[in-house]
Amino acid sequence: MTLLDTASTTSNDSGIPLGGPSLPQVRRLVTSIPGPKSQALLARKSSAVAAGVGTTIPVFTVAAGGGVIVDADGNSLIDLGSGIAVTGVGNSNPRVVAAVTAQLAQFTHTCFTVAPYDSYVEVAEALNRLTPGDHEKRSALFTSGAEAVENAVKIARHYTGKQAVVAFDHAYHGRTNLTMALTAKNMPYKSGFGPFAPEVYRAPLSYPYRDGGLDGVTAAKNAITMIEKQIGAANLAAMIIEPIQGEGGFIVPAEGFLPTLLAWAQANNVVFIADEVQTGFARTGAMFASDHEGIVPDLIVTAKGIAGGLPLSAVTGRAEIMDSSHAGGLGGTYGGNPLACVAALATIESYEEDNLVQRAADIGTLLTGRLNALRVNDPRIGDVRGRGALIAIELVDPATGEPDAALTNRVAAFAHAAGVLVLTCGTYGNVIRFLPPLSISDELLIEGIGVIAEALAAG
Ligand SMILES: *Cc1c(COP(=O)(O)O)cnc(C)c1O
């Protein structure tokens, strides 16, 4: 079975297309973007929803699946964002729909820390099996990525008896108080929301396009020197890093950077936490991005791609670290909700049985091939980077190399108006990122990149 060939009805009684892979896999605009129905909903949004909750594309979704999103006006858009790397297995993946529907009829919640159920344990077993390293592991489940990051830090502090945490330049770890402190970028994530959690420090990253191609080992040694001089290993509980930075601009550190940091952390009783919330679960053409450099983190944080769109996150790691917290110290009302757990099991089954690690690698080959071909004739594309189905272009002024955020915004706006959903990112706001669902067809990917080429040509 492929992710695209499940035939079923494409509309329900009210004529609204159902989601899932049976949706027609086409880009089709029947109104301008946004159409009248989305415009009316946007007006209601402005008067009902807090202004701080923004919107990338001004259309309201009624169905999604395969590689498309259908809006309230009947426009079918190419999805190159996966709801920020969440729907790796595609929206309304048939395995996920079947599992959640069956669970919904059994029970919806007991709270795992009150009356447990087996699907939670099964998700923990799957995470312990799939994450890097064959040592003894334990997992704990939560609801959002930020919540899991917070728990990873809690666990590391409890285990080491130390307090300081070091994060990196361009990092993104979430929007709660501790994770805002860990996140690097001021606007829009932090501005005006302080004071932030104490004992959080920041170290320099390896950013090959902007650090003159400094080799990974030297870049890591620079970070280690800063950490030793400004924090001290004796005070440092944890080092947290995204193996490829997400919101910071899809920055792939130079080879050797991550292994050098890991070796130092392990020699100094510092817990090495890999935040794989965005990079995890097949996205980069490996089950986890840590696999590309063969690193085995002490703790690994997962969320986004874990459960086909249902809210679930996890911390997985060395048994002696994970088991150091007392009973009742970890948990939460909704963490490992039964609907999310069965969704995760179905999602993991899809990653493994539908060969989605290979699919992500193939998407990467296709995307980087096309984007590098554009770059040859367009010096505004300063860099093409990423792995698998996590690829970005960094747009610059060719004369100076300065980031060009204005061009980036124009390209994204052009794509949105033409029915292609792309996301931007980067500390300087000059990166266009491609995070398609792994259920997208090559045809839609090629068409989507074609629209990006037109957008660049339009300037
Ligand atoms: C999205 C993200 C988070 C935060 O996840 P939420 O579910 O939005 O709280 C943390 N780390 C990384 C790397 C992310 O991409």
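Note that the structure is predicted; figures quoted are calculated from it, not measured. Note on numbering: residues in each chain are counted from 1, in written sequence order. The predicted nature of this model means local features are confined to residues of pLDDT at least 70 and side-chain atom pairs, given and counted, to a pLDDT of 80 or more, with totals for whole chains, interfaces and linings taken over all residues. For the side-chain quantities, the full set of heavy atoms in the structure was used; hydrogens and water were omitted.

Enquirer: Would you explain the overall build of the protein chain in this entry?
Expert: What counts as a helix is a DSSP run of H or I of at least four residues, what counts as a strand is a run of E of at least two, and both are numbered from the N terminus. Assigned secondary structure in the protein chain consists of 13 helices and 15 strands. The quantity called the radius of gyration is restricted to C-alpha atoms. Its globule counterpart is 2.2 Å times the number of residues to the power 0.38. In terms of overall size, the protein chain behaves like a compact globule, its C-alpha atoms giving a radius of gyration of 22 Å where 459 residues would be expected to give roughly 23 Å. By principal-axis analysis of the C-alpha atoms, the protein chain measures approximately 65 × 60 × 45 Å. Taken across its 459 residues, the protein chain has 53% of its residues classed as buried. It only takes one pair of heavy atoms within 4.5 Å for two residues to be counted as in contact. By sequence separation, contacts in the protein chain at least 24 residues apart represent 73% of the contacts at least 6 residues apart. For the purpose of charge, His is not counted, nor are the chain termini; Lys and Arg are scored as positive and Asp and Glu as negative. Where a charge lies is defined by one atom per residue type: Lys uses NZ, Arg uses CZ, Asp uses CG and Glu uses CD. One finds the centroid of the 30 positive side-chain charges in the protein chain at a distance of 6 Å from the centroid of its 42 negative side-chain charges. In this scheme, a residue with accessible area under 20% of its type's maximum is buried, one over 50% is exposed, and one in between is partly exposed, where area comes from a 1.4 Å probe on protein chains only.

Enquirer: How do you make sense of the sheet that holds strand 15 (residues 431–434) when you look at a structure like this?
Expert: By definition, the strands of a sheet pair up through backbone hydrogen bonds, in either a parallel or an antiparallel sense. A strand pair is defined by DSSP finding two or more bridges across the two strands. Strands sit in the order 11-12-15-14 across an open sheet of four strands; the sheet is antiparallel. Either end of the sheet is taken by a strand with one partner, and the two such strands are strand 11 (381–387) and strand 14 (423–425). Strand after strand, the sheet turns through a mean of 25° between neighbouring axes, direction not considered. In this sheet, strand 12 (residues 390–395) lies alongside strand 11 in antiparallel orientation, the contact comprising six bridges. Across the sheet, Arg-387 pairs through a bridge with Leu-390, a residue of strand 12. With respect to the sheet, helix 12 (residues 405–417) is in contact with strand 12, strand 14 and strand 15, its orientation differing from that of strand 15 by roughly 40°. Here an angle of 0 to 180 degrees is reported between the N-to-C directions of two axes, which are lines fitted to C-alpha atoms, with helices fitted over the stretch in contact.

Enquirer: Is there a simple way to think about the domain arrangement of the protein chain in this case?
Expert: A common way to report how large an interface is uses the accessible area buried once the components associate. Domain delimitation follows an automatic or database domain assignment. Splitting the protein chain by domain gives domain 1 (20–92 + 356–458) and domain 2 (96–353). By convention, the term buried area covers the 1.4 Å-probe accessible surface removed from two parts as they join, with the contributions of both added. A per-residue breakdown of the area domain 1 buries against domain 2 is headed by Val-89, Arg-387 and Leu-390, which together make up 24% of the total. Counted as salt bridges are all cases of a side-chain nitrogen of Lys or Arg within 4 Å of a carboxyl oxygen of Asp or Glu. For the pair domain 1 and domain 2, the number of links is two salt bridges. Under this definition, polar contacts are N or O atom pairs within 3.5 Å; protein pairs additionally need one hydrogen-donor-capable and one acceptor-capable atom, and for neighbouring residues in sequence, both atoms have to be side-chain atoms. For the pair domain 1 and domain 2, the interface holds 17 residue pairs in polar contact (both at pLDDT 80 or more). Sorting the residues of the side of domain 1 that touches domain 2 by element identifies helix 2 (82–85), helix 11 (356–376), strand 11, strand 12 and strand 15 as the ones contributing at least two each. Looking at which element gives the most residues to the side of domain 1 that touches domain 2, the answer is strand 11, with five residues. Residues of the side of domain 1 that touches domain 2, tallied by class, amount to 22 nonpolar, 12 polar and six charged. Gly is put with the polar residues, along with every residue not named as nonpolar or charged; the nonpolar set is Ala, Val, Leu, Ile, Met, Phe, Trp, Tyr, Cys and Pro, and the charged set is Asp, Glu, Lys and Arg.

Enquirer: Any chance you could explain the environment of Ala-344 here in plain terms?
Expert: Note that Ala-344 resides in helix 10 (residues 338–353). In this structure, the C-alpha to C-alpha distance between Ala-344 and Pro-311, residues 33 residues apart in sequence, is 9.5 Å. Ignoring any residue separated from it by four or fewer positions in sequence, one finds Ala-344 in contact with Val-123, Ile-306, Ala-307 and Leu-312.

Enquirer: Just checking my understanding: could you explain helix 4 (residues 118–130) for this structure?
Expert: Since one α-helical turn is 3.6 residues long, residues separated by three or four positions face the same way. Helix span, expected: 1.5 Å multiplied by one less than the number of residues in the helix. The terminal C-alpha atoms of helix 4, which comprises 13 residues, lie 18 Å apart, in line with the 18 Å expected from a rise of 1.5 Å per residue. When helix 4 is considered as a whole, its buried residues turn out to be Ser-119, Tyr-120, Val-123, Ala-124, Ala-126, Leu-127 and Leu-130. The buried residues of helix 4 occupy an angular sector of 160° when projected down its axis, which confines them to one face. On its buried face, helix 4 is in contact with strand 4 (137–142), strand 9 (299–302), strand 10 (313–318) and helix 10. Each direction from the helix axis to a C-beta atom contributes to the arc, which is the arc of those directions.

Enquirer: Mind showing me how you'd approach the site of the ligand here?
Expert: In the vicinity of the ligand, the residues found are Ser-144, Gly-145, Ala-146, Tyr-172, His-173, Glu-242, Asp-275, Val-277, Gln-278 and Lys-304. Contact between the ligand and Gly-145: an oxygen atom at 2.7 Å from a main-chain N or O atom of the residue. Ala-146 places a polar main-chain atom, nitrogen or oxygen, 2.8 Å from an oxygen atom of the ligand. Expressed as a share of its isolated accessible area of 380 Å², the protein-covered part of the ligand is 83%. Residues are counted as near a molecule or strand when any one of their heavy atoms sits within 4 Å of it. Methods summary: accessible areas were calculated by the Shrake-Rupley approach with a probe of 1.4 Å, and residue burial reflects only the protein chains presented.

Enquirer: Teacher, can you tell me more about the pairing of strand 1 (residues 61–65) here?
Expert: Inspection of the sheet shows strand 1 paired to strand 2 (residues 68–71) by four bridges, in the antiparallel sense. Counted as the bridge partner of Ala-63 is Val-70 from strand 2. Counted between consecutive antiparallel strands, the loop separating strand 1 from strand 2 contains two residues, among which Gly-66 sits at a positive phi close to 65°.

Enquirer: It is not clear to me how the pairing of strand 2 should be interpreted in this structure. Could you clarify?
Expert: The side chains of a regular strand alternate, first on one face of the sheet and then on the other. Here strand 2 shows two buried faces, one formed by Val-68 and Val-70 and the other by Ile-69 and Asp-71. In the sheet, strand 2 pairs with strand 3 (residues 76–79) via three bridges, with the strands oriented antiparallel. Residue pairing for strand 3: Val-68 is matched across the bridge by Ile-78. In this antiparallel pair of consecutive strands, strand 2 and strand 3, the connection spans four residues, and Gly-74 shows a positive phi of 90°.

Enquirer: Quick question: what am I supposed to make of the side chain of Glu-276 here?
Expert: Secondary-structure assignment places Glu-276 in the loop between strand 8 (271–275) and strand 9. With no salt bridge to any partner, buried Glu-276 finds its closest opposite charge in Arg-387, at an N-O distance of 9.6 Å.

Enquirer: Explanation requested: the packing of aromatic side chains in the structure shown.
Expert: When we look at a pair of aromatic rings, we describe it by the centre distance and by the angle of the planes. Any Phe, Tyr or Trp ring, taking Trp's six-membered ring, that has another such ring centre within 6.5 Å forms a pair; planes under 30 degrees apart are called stacked, those over 60 apart edge-to-face, and the others tilted. Taken as a whole, this structure holds seven aromatic pairs when the rule is applied. Ring plane angle 5° and centroid distance 3.6 Å describe the contact between Phe-112 and Tyr-120, whose orientation is recorded as stacked. Assessed through its relative accessible area of 11%, Tyr-120 is described here as buried. Taken together, Phe-107, Phe-112, Tyr-117 and Tyr-120 form an aromatic cluster joined through their ring pairs. A cation over an aromatic ring shows up here: Lys-190 above the ring of Phe-196, its NZ or CZ 5.2 Å from the ring centre. A ring is scored as having a charge over it whenever the NZ atom of a lysine or the CZ atom of an arginine sits within 6 Å of its centre and within 35 degrees of its normal.

Enquirer: Would you explain the sheet that holds strand 4 in this entry?
Expert: Spatial ordering of the open sheet is given by 4-10-9-8-7-5-6, a layout of seven strands whose pairing is mixed. In this open sheet, the two strands that pair with only one neighbour each are strand 4 and strand 6 (200–203). Pairwise comparison of adjacent strand axes, ignoring direction, gives a mean angle of 20° for this sheet. With three bridges connecting them, strand 5 (residues 164–168) and strand 7 (residues 236–241) associate as parallel partners. Paired with Val-166 across the bridge in strand 7 is Met-239. Taken strand by strand, helix 7 (residues 216–230) contacts strand 5, strand 6 and strand 7, and its axis lies near 150° from that of strand 6.

Enquirer: Can you help me understand the environment of Gly-90 in this one?
Expert: The topology assignment puts Gly-90 in the loop between helix 2 and helix 3 (94–106). On the basis of relative accessibility, which here comes to 2%, the residue Gly-90 falls in the buried class. For the pair Gly-90 and Ala-392, spaced 302 residues apart in the sequence, the C-alpha separation amounts to 20 Å. Here Gly-90 is in contact with Pro-437 and Ser-439, once residues within four sequence places are set aside.

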